[in-house]
Amino acid sequence: FPVTITSDVSGKILEIPVKKGQKVSAGDILVKLDESEINYQLQQAEIKLGIEKDVLEQLTKNDKLDLEIAFYNTEIQYNEARNSYNQIKELYEAGAASRNDLNLSKNRMDQLYNTYVLAKKNLESAENASQITIQKKQLELSQLSVNKLLQEKNKYAIKSPTDAIVTGKQIG
(Lines give C-alpha, C1' and ligand atoms only; values in the text may rest on other atoms or scores of the structure.)
Protein backbone atom coordinates (compact mmCIF):
# COMPACT_ATOMS: atom_id res chain seq x y z
CA PHE A 1 0.00 0.00 0.00
CA PRO A 2 1.37 3.43 -0.94
CA VAL A 3 2.38 5.92 1.78
CA THR A 4 2.40 9.63 1.10
CA ILE A 5 5.23 11.50 2.80
CA THR A 6 4.93 15.24 3.43
CA SER A 7 7.16 17.77 5.11
CA ASP A 8 6.37 20.05 8.05
CA VAL A 9 8.65 22.70 6.53
CA SER A 10 9.05 24.07 3.04
CA GLY A 11 12.29 24.72 1.30
CA LYS A 12 14.54 24.07 -1.62
CA ILE A 13 15.23 20.38 -2.21
CA LEU A 14 18.95 19.72 -2.19
CA GLU A 15 18.97 15.97 -2.58
CA ILE A 16 16.72 12.95 -3.00
CA PRO A 17 19.08 10.12 -2.04
CA VAL A 18 16.64 7.30 -2.91
CA LYS A 19 15.67 5.76 -6.23
CA LYS A 20 12.48 4.11 -7.42
CA GLY A 21 12.46 0.45 -6.38
CA GLN A 22 14.96 1.02 -3.54
CA LYS A 23 14.27 -0.64 -0.19
CA VAL A 24 14.32 1.83 2.73
CA SER A 25 14.16 1.34 6.47
CA ALA A 26 12.33 3.46 9.02
CA GLY A 27 14.43 6.57 9.66
CA ASP A 28 16.27 6.55 6.31
CA ILE A 29 16.52 9.98 4.71
CA LEU A 30 14.26 10.31 1.67
CA VAL A 31 14.67 14.03 0.94
CA LYS A 32 17.17 16.63 2.14
CA LEU A 33 16.01 20.26 2.19
CA ASP A 34 18.25 23.33 2.19
CA GLU A 35 19.18 24.05 5.82
CA SER A 36 21.09 27.28 5.21
CA GLU A 37 18.41 29.60 6.68
CA ILE A 38 17.74 27.43 9.75
CA ASN A 39 21.51 27.03 10.24
CA TYR A 40 21.87 30.83 10.16
CA GLN A 41 19.06 31.24 12.71
CA LEU A 42 20.56 28.52 14.89
CA GLN A 43 24.00 30.15 14.74
CA GLN A 44 22.49 33.50 15.76
CA ALA A 45 20.62 31.87 18.66
CA GLU A 46 23.78 30.04 19.82
CA ILE A 47 25.78 33.29 19.72
CA LYS A 48 23.05 35.05 21.72
CA LEU A 49 23.08 32.16 24.21
CA GLY A 50 26.85 32.49 24.57
CA ILE A 51 26.53 36.24 25.19
CA GLU A 52 23.81 35.64 27.80
CA LYS A 53 26.07 33.11 29.57
CA ASP A 54 28.99 35.56 29.53
CA VAL A 55 26.83 38.39 30.91
CA LEU A 56 25.54 36.15 33.71
CA GLU A 57 29.05 35.01 34.56
CA GLN A 58 30.29 38.60 34.61
CA LEU A 59 27.36 39.77 36.74
CA THR A 60 27.90 36.94 39.19
CA LYS A 61 31.65 37.48 39.27
CA ASN A 62 31.48 41.28 39.66
CA ASP A 63 28.66 41.24 42.16
CA LYS A 64 30.30 38.52 44.21
CA LEU A 65 33.70 40.16 43.99
CA ASP A 66 32.31 43.47 45.26
CA LEU A 67 30.51 41.68 48.07
CA GLU A 68 33.61 39.65 48.96
CA ILE A 69 35.69 42.84 49.15
CA ALA A 70 33.07 44.53 51.33
CA PHE A 71 32.90 41.45 53.57
CA TYR A 72 36.67 41.16 54.02
CA ASN A 73 37.04 44.91 54.64
CA THR A 74 34.36 44.89 57.32
CA GLU A 75 35.86 41.75 58.85
CA ILE A 76 39.22 43.53 59.14
CA GLN A 77 37.60 46.64 60.60
CA TYR A 78 35.59 44.61 63.09
CA ASN A 79 38.66 42.62 64.20
CA GLU A 80 40.63 45.84 64.64
CA ALA A 81 37.78 47.40 66.66
CA ARG A 82 37.52 44.26 68.81
CA ASN A 83 41.27 44.30 69.49
CA SER A 84 41.11 48.00 70.28
CA TYR A 85 38.18 47.43 72.65
CA ASN A 86 40.06 44.62 74.44
CA GLN A 87 43.10 46.88 74.85
CA ILE A 88 41.02 49.78 76.17
CA LYS A 89 39.18 47.37 78.49
CA GLU A 90 42.52 46.25 79.95
CA LEU A 91 43.59 49.90 80.33
CA TYR A 92 40.24 50.74 81.98
CA GLU A 93 40.61 47.84 84.43
CA ALA A 94 44.12 49.10 85.23
CA GLY A 95 42.72 52.60 85.74
CA ALA A 96 44.54 54.06 82.70
CA ALA A 97 41.44 54.67 80.51
CA SER A 98 38.10 56.35 81.21
CA ARG A 99 34.70 54.70 81.25
CA ASN A 100 33.77 56.97 78.31
CA ASP A 101 36.72 55.64 76.23
CA LEU A 102 35.60 52.09 77.00
CA ASN A 103 31.98 52.83 76.02
CA LEU A 104 33.01 54.56 72.77
CA SER A 105 35.26 51.64 71.88
CA LYS A 106 32.47 49.12 72.68
CA ASN A 107 29.94 51.07 70.58
CA ARG A 108 32.36 51.21 67.63
CA MET A 109 33.04 47.48 67.94
CA ASP A 110 29.27 46.72 68.07
CA GLN A 111 28.57 48.91 65.03
CA LEU A 112 31.34 47.28 63.03
CA TYR A 113 30.12 43.85 64.12
CA ASN A 114 26.65 44.67 62.73
CA THR A 115 28.22 45.90 59.48
CA TYR A 116 30.30 42.72 59.33
CA VAL A 117 27.23 40.48 59.83
CA LEU A 118 25.32 42.40 57.15
CA ALA A 119 28.22 42.11 54.67
CA LYS A 120 28.43 38.38 55.39
CA LYS A 121 24.70 37.95 54.81
CA ASN A 122 24.87 39.95 51.57
CA LEU A 123 27.72 37.78 50.33
CA GLU A 124 25.83 34.60 51.17
CA SER A 125 22.70 35.78 49.37
CA ALA A 126 24.50 37.15 46.30
CA GLU A 127 22.68 34.65 44.11
CA ASN A 128 19.38 36.37 44.88
CA ALA A 129 20.38 39.68 43.35
CA SER A 130 17.71 40.92 40.94
CA GLN A 131 20.03 41.53 37.97
CA ILE A 132 21.39 38.02 38.26
CA THR A 133 17.88 36.58 38.45
CA ILE A 134 16.79 38.53 35.37
CA GLN A 135 19.89 37.43 33.47
CA LYS A 136 19.22 33.80 34.38
CA LYS A 137 15.75 34.16 32.84
CA GLN A 138 17.30 35.68 29.69
CA LEU A 139 19.67 32.73 29.54
CA GLU A 140 16.75 30.29 29.84
CA LEU A 141 14.94 32.06 26.99
CA SER A 142 18.02 31.86 24.79
CA GLN A 143 18.42 28.16 25.57
CA LEU A 144 14.77 27.56 24.65
CA SER A 145 15.33 29.31 21.30
CA VAL A 146 18.35 27.13 20.54
CA ASN A 147 16.44 23.97 21.50
CA LYS A 148 13.44 24.94 19.34
CA LEU A 149 15.68 25.63 16.34
CA LEU A 150 17.47 22.31 16.80
CA GLN A 151 14.10 20.54 16.76
CA GLU A 152 13.07 22.53 13.71
CA LYS A 153 16.34 21.66 11.92
CA ASN A 154 15.53 17.96 12.20
CA LYS A 155 12.54 18.55 9.94
CA TYR A 156 14.84 19.49 7.04
CA ALA A 157 15.75 15.85 6.52
CA ILE A 158 12.54 14.04 5.55
CA LYS A 159 12.77 10.45 6.75
CA SER A 160 10.91 7.28 6.01
CA PRO A 161 8.35 6.55 8.73
CA THR A 162 8.48 2.80 8.06
CA ASP A 163 10.33 0.03 6.24
CA ALA A 164 9.21 0.21 2.63
CA ILE A 165 10.10 0.11 -1.06
CA VAL A 166 10.16 3.40 -2.98
CA THR A 167 7.52 3.10 -5.69
CA GLY A 168 7.67 6.64 -6.98
CA LYS A 169 8.69 10.22 -6.32
CA GLN A 170 6.18 12.99 -6.80
CA ILE A 171 7.35 16.47 -5.84
CA GLY A 172 4.85 19.21 -5.65
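What counts and what doesn't
Residue indices begin from 1 for each chain and proceed along its sequence in written order. Residue-level local features of this predicted model are given only where pLDDT is at least 70; pairs of side-chain atoms are given and counted only at 80 or more, and the full residue set underlies all totals for whole chains, interfaces and linings. The basis for every side-chain value is the complete set of heavy atoms in the structure, and neither hydrogens nor water enter the calculation. Orientation is described by axes fitted as lines to C-alpha atoms, over the contacting stretch for helices, and by angles from 0 to 180 degrees between their N-to-C directions. The numbering of helices and of strands both runs from the N terminus, where a helix is a DSSP run of H or I of at least 4 residues and a strand a run of E of at least 2. Here is the rule for angles: anything less than 35 degrees is roughly parallel, anything more than 145 is roughly antiparallel, 65 through 115 is roughly perpendicular, and the remaining ranges are oblique. Note on convention: the crossing is left-handed when the near helix lies turned anticlockwise from the far helix by less than a right angle, right-handed when the turn is clockwise. Three residue categories are used. Nonpolar comprises Ala, Val, Leu, Ile, Met, Phe, Trp, Tyr, Cys and Pro, charged comprises Asp, Glu, Lys and Arg, and polar comprises the others, including Gly. We call two strands paired when DSSP finds no fewer than two bridges between them.

### Notes on the packing of helix α1 (residues 36-93) against helix α2 (residues 99-124)
At their nearest, the axes of α1 and α2 sit 8 Å apart, and the two run at 160 degrees to each other. Relative to α2, the element α1 lies roughly antiparallel. As for how α1 packs across α2, the hand of that crossing is left-handed. When grouped by side-chain class, the residues that make up the contact of α1 with α2 number 15 nonpolar, six polar and ten charged.

### Things to note about the sheet that holds strand β4 (residues 157-159)
Strand order in the open sheet formed by three strands is β1-β3-β4, with antiparallel pairing between adjacent strands. On the outer flanks of this sheet lie β1 (13-15) and β4, each paired with one strand and no other. The sheet shows a mean angle of 35 degrees between the axes of neighbouring strands, direction not considered. Alignment of strand β3 (residues 29-33) against β4, held across three bridges, turns out to be antiparallel. Among the inter-strand pairings, I29 is bridged to a residue of β4, identified as K159.

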